[in-house]
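Residue-level structural notes
One letter stands for each residue in the lines below.
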Amino acid sequence: MLTPFTDQGAVDYDGLGKLIDWYMINGASGLFAVCQSSEVFFLSLEERVNIARYCVERSGKRIPVIASGHISDSFDDQVRELNRIADTGVEAVILITNRIARQDESDEVWLKNLQKLVANLPEDVKLGFYECPYPYKRVLSKEVTRQCAETGRFYFLKDTSCDLDHIAAKLEVSKGTNLHLYNANTATLLDSLKLGASGYSGVMCNTQCRLYSWFLEHWKEGKAQELSDLLTISSWMEHEYYPVSAKYYLQQFEALPISIFSRTKDASLLSRVVQSEMAMLKRVTETTENKFINA
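Residues numbered from 1 in each chain as written. Predicted model: local features only at pLDDT ≥ 70, side-chain atom pairs only at ≥ 80, totals over all residues. Heavy atoms only, no water.

1. Comments concerning the environment of T88
With respect to the helices, strands and loops of the structure, T88 is situated in the loop between α3 (75-86) and β3 (92-96). Of the residues examined, T88 reaches a relative accessible area of 7% and is grouped as buried. Each C-alpha atom, one on T88 and one on N26, is 25 Å from the other, the two residues being 62 residues apart in sequence. Here I85 takes part through its backbone oxygen, which lies 2.6 Å from a polar atom of the side chain of T88. (Helix = DSSP H or I, 4+ residues; strand = E, 2+ residues; numbered from the N terminus. Buried < 20%, exposed > 50% of the residue type's maximum accessible area, 1.4 Å probe, protein only. Polar contact = N/O pair within 3.5 Å; in protein donor to acceptor, adjacent residues only side chain to side chain.)

2. Considerations on the sheet that holds strand β2 (residues 65-67)
With parallel pairing, the 7 strands of this open sheet are ordered in space as β1-β2-β3-β4-β5-β6-β7. In this open sheet, the two strands that pair with only one neighbour each are β1 (31-33) and β7 (199-200). Bridging between β2 and β3 involves 2 bridges; their strand directions are parallel. The partner of I66 across the bridge, within β3, is A92. (Pairing = 2+ DSSP bridges.)

3. Concerning the packing of helix α2 (residues 45-59) against α3
Orientation of α2 relative to α3, taken along the N-to-C sense of each, is 25 degrees, at an axis distance of 9 Å. On the basis of their axis angle, the class for α2 and α3 is roughly parallel. Note on packing geometry: the crossing formed by α2 with α3 is right-handed. The segment α2 lies against α3, with L45, E46, R48, V49 and A52 engaging R80, E81, R84 and I85. (Axes fitted to C-alpha atoms, helices over the stretch in contact; angles between N-to-C directions. Parallel < 35°, antiparallel > 145°, perpendicular 65-115°, else oblique. Left-handed = near helix turned anticlockwise from the far one by under 90°. Contact = heavy atoms within 4.5 Å.)

4. Remarks on the packing of aromatic side chains
Tallied over the full model, the rule gives 13 aromatic pairs. Between the aromatic rings of F32 and F156, the centroid separation amounts to 5.7 Å while the plane-to-plane angle is 75 degrees, which identifies the pairing as edge-to-face. Remark: F156 occurs in strand β5 (residues 154-159) and F32 occurs in strand β1; sequence separation between them is 124 residues. Put simply, the rings of F32, Y130, F156 and Y182 pair up and form one aromatic cluster. Residue placement shows K116 over the ring face of F75; its charged tip is 4.4 Å from the ring centre. (Phe/Tyr/Trp six-rings, centres within 6.5 Å; stacked < 30°, edge-to-face > 60°. Lys NZ or Arg CZ within 6 Å of the ring centre and 35° of its normal.)

5. Comments concerning the environment of D14
Of note, D14 is situated in helix α1 (residues 13-25). A relative accessible area of 48% means that D14 is categorised as partly exposed. Separated by 12 residues in the primary sequence, D14 and N26 place their C-alpha atoms 19 Å from one another.

6. So, the pairing of strand β4 (residues 127-130)
Side chains of β4 alternate between two faces, with L127 and F129 and G128 and Y130 buried alike. For the segment spanning β3, helix α4 (residues 107-118) and β4, crossover handedness is right-handed. Here 4 bridges tie β4 to β5, and the two strands are oriented parallel to one another. Bridging across to β5, F129 finds its partner in L157. (Right-handed = clockwise from strand over helix to strand, strands pointing away.)

7. Here's the deal with the pairing of strand β6 (residues 180-183)
Judged by which residues are buried, β6 turns out to be one-sided: L181 and N183 face inward and are buried, whereas H180 and Y182, on the alternate face, are not. Examined bridge by bridge, β5 and β6 share 4 bridges and lie parallel to one another. Within the sheet, the bridge partner assigned to F156 lies in β6 and is H180. What joins β5 to β6 is helix α6 (residues 164-174), and the crossover it makes is right-handed. Relative to β7, β6 runs parallel, the two being bridged by 2 bridges. Paired with Y182 across the strands is G199, a residue of β7. Regarding topology, helix α7 (residues 189-195) serves as the crossover connection from β6 to the parallel β7, and that connection is right-handed.

Everything listed here is a matter of coordinates, which is why it stays silent on function.
Spelled out as structure tokens, the structure:
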């Protein structure tokens with residue numbers, strides 16, 4: 001999920017409500033709030049908590065809402081952050097993998113820190129993982145995934161490895177457990193679904209949500225490869241001044257009453273070229289919807 005802000009930089013809850021409605025109308029099966037697309041590292045703890053709670057209330061539990069929210073380096077601060085998020089009523093609290101150990105620390109250290117962290121969270125709270133690329137990407141290994149899956153505490157894994165071999169290994173060791181893998185990468189999505197991935201959790205649902213929803217329901221059919229190819233080509237747009245570009249797309253082409261303000265990038269620097277690319281993305285999206293969904 002994105003976080004809409006006012007032009008002055010405050011969280012825009014009216015815009016957030018309209019955005020949640022848009023996700024649900026366009027077929028999202030769940031909402032991942034307070035993540036990198038939400039600009040989580042630029043939100044205060046109170047903002048993270050309030051956004052998560054608002055998403056739960058606005059969705060009316062019609063679809064599940066999950067949220068991350070621990071961004072601190074300090075262990076005590078992370079415990080406080082995650083418990084505050086757990087109190088919002090989200091379906092699962094998502095741990096950011098790069099927050100659990102430093103980049104230069106081993107998997108053994110990571111697992112030890114994880115065990116200590118989980119011991120300080122309520123036992124009835126469902127947990128998950130997000131391989132957030134910022135400030136560094138910590139991709140779970142096969143063995144780490146196996147140990148986590150076997151605990152029964154973890155239900156969600158947002159995989160950002162963009163590597164089918166990594167995905168296959170994780171799916172192998174998590175099969176039959178509570179842990180379900182959601183792929184963030186469009187290029188490997190179809191093949192990962194064939195291997196047993198549970199779905200897609202990526203930024204392109206902020207523009208092409210309806211197409212991804214349809215694809216996840218029909219990927220076993222004959223047109224799946226063609227649609228997968230088209231979605232993959234479109235997904236290159238996720239690198240174009242995101243998340244400002246996605247907010248611009250929703251404002252200009254989906255009629256959402258939101259500002260393009262961002263705390264991570266200067267919205268005034270959104271170039272005419274990227275604006276024209278978003279217009280092209282809208283035309284391609286409409287053409288693709290007409291071919292696959294509206295045919």
